[in-house]
Amino acid sequence: EQRVAYGSVGRPAAIYALDPQAGYVFAINLGPGQIRAGITDLFGEIAVQRVEATERASAERIINQLARLYKALLTESGFDDGSAGVACLGVPGVWNPETDRIGAAPNLPMLTDIPLQASIQAALGLPLTIENDVNLAAIAEYWKGNARGHDTFVSFFIGTGIGLGLHFVFRHAK
């Protein structure tokens, strides 16, 4: 409870506010050359972040690297294991939640034949959401970046590969 508001009729209203430190997000951008990872509070403020070269030898090495990164960043962030945590992974390919596989990921072929979400979720011990990396970047631009306040935009990304993120809000005309 943050405060109490008094009006002219009825009982006083209790005003509540979300505590951004009540939980955290372990955010990961998994690329063929590097992994960018960080821990944010519930409002998206970055507590700690790190960039490492991707250990591409095998899927198992990448998953172990993500688990090690998570533990190190969690310790450094000041959040503890008792806090509510979730993870979000951006992958350079097409995520299919029904098969738990990524496709069209020629730069990370070792990850296309494993149950990716189940494997990483087990290693982290956190609920995990997986999405295409460019789609997540477009969402981030809409939330906190240059696309704030714009219902329709295109994000074009060039890195190891090329990606396009579209964001639009359909409004029915009267």
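Just so it is clear, the structure is predicted and the values come from calculations on it, not from any experiment. Residue indices begin from 1 for each chain and proceed along its sequence in written order. Residue-level local features of this predicted model are given only where pLDDT is at least 70; pairs of side-chain atoms are given and counted only at 80 or more, and the full residue set underlies all totals for whole chains, interfaces and linings. The side-chain quantities take in all heavy atoms of the structure and omit both hydrogens and water.

Asks: Tell me what's going on with the nonpolar core, and back it up with residues and numbers.
Replies: One finds Phe 26, Ile 39, Leu 89, Leu 111, Leu 116, Ile 120 and Leu 124 to be the most contacted residues of the largest nonpolar core, which totals 33 residues. Those elements that place two or more of their residues in this core are strand 3 (23-30), strand 4 (34-41), helix 1 (59-77), strand 6 (84-91), helix 2 (116-124) and strand 9 (128-132). Helix and strand assignments follow DSSP, with helices taken as H or I runs no shorter than four residues and strands as E runs no shorter than two, numbered in order from the N terminus. Among the elements that make up this core, the one with the highest residue count is helix 1 (nine residues). Excluding its chain neighbours within four sequence positions, the residues that come into contact with Leu 89 are Ile 28, Leu 30, Leu 116, Ile 120, Leu 128, Thr 129, Ile 130, Glu 131 and Leu 136. The set of buried Ala, Val, Leu, Ile, Met, Phe, Trp, Tyr and Cys residues whose side-chain atoms join them within 4.5 Å is what this entry labels a nonpolar core. Each residue is placed in one exposure class: buried if its accessible area under a 1.4 Å probe, protein chains only, is under 20% of its type's maximum, exposed if it is over 50%, and partly exposed if it falls in between. Contacts are residue-level and defined by heavy atoms, with any inter-residue pair within 4.5 Å sufficient.

Asks: Describe the pattern of salt bridges, with residues and values.
Replies: Proximity of charged atoms lets side chains of opposite charge pair with each other. What counts as a salt bridge is simple: a side-chain nitrogen of Lys or Arg found within 4 Å of a carboxyl oxygen of Asp or Glu. Counted under the stated rule, the structure contains five salt bridges. Between Glu 45 and Lys 144 there is a salt bridge; the shortest N-O distance is 3.1 Å. On the criterion of sequence distance, the pair formed by Glu 45 in the loop between strand 4 and strand 5 (46-53) and Lys 144 in helix 3 (residues 133-144) is long-range, its members being 99 residues apart. Residue Glu 45 is classed as partly exposed on the basis of its relative accessible area, which comes to 46%.

Asks: Which residues make up the pairing of strand 3, and what values do they have?
Replies: Taken together, the seven bridges between strand 3 and strand 6 define a ladder with parallel strand orientation. Across the sheet, residue Ala 27 finds its bridge partner in strand 6, namely Cys 88. Strands qualify as paired when DSSP identifies two bridges or more between them. Both strand 3 and strand 4 contribute to a ladder of seven bridges, which runs antiparallel. In the strand pairing of strand 4, Asn 29 is matched with Arg 36. Here strand 3 folds back onto strand 4 in antiparallel fashion, the turn holding three residues.

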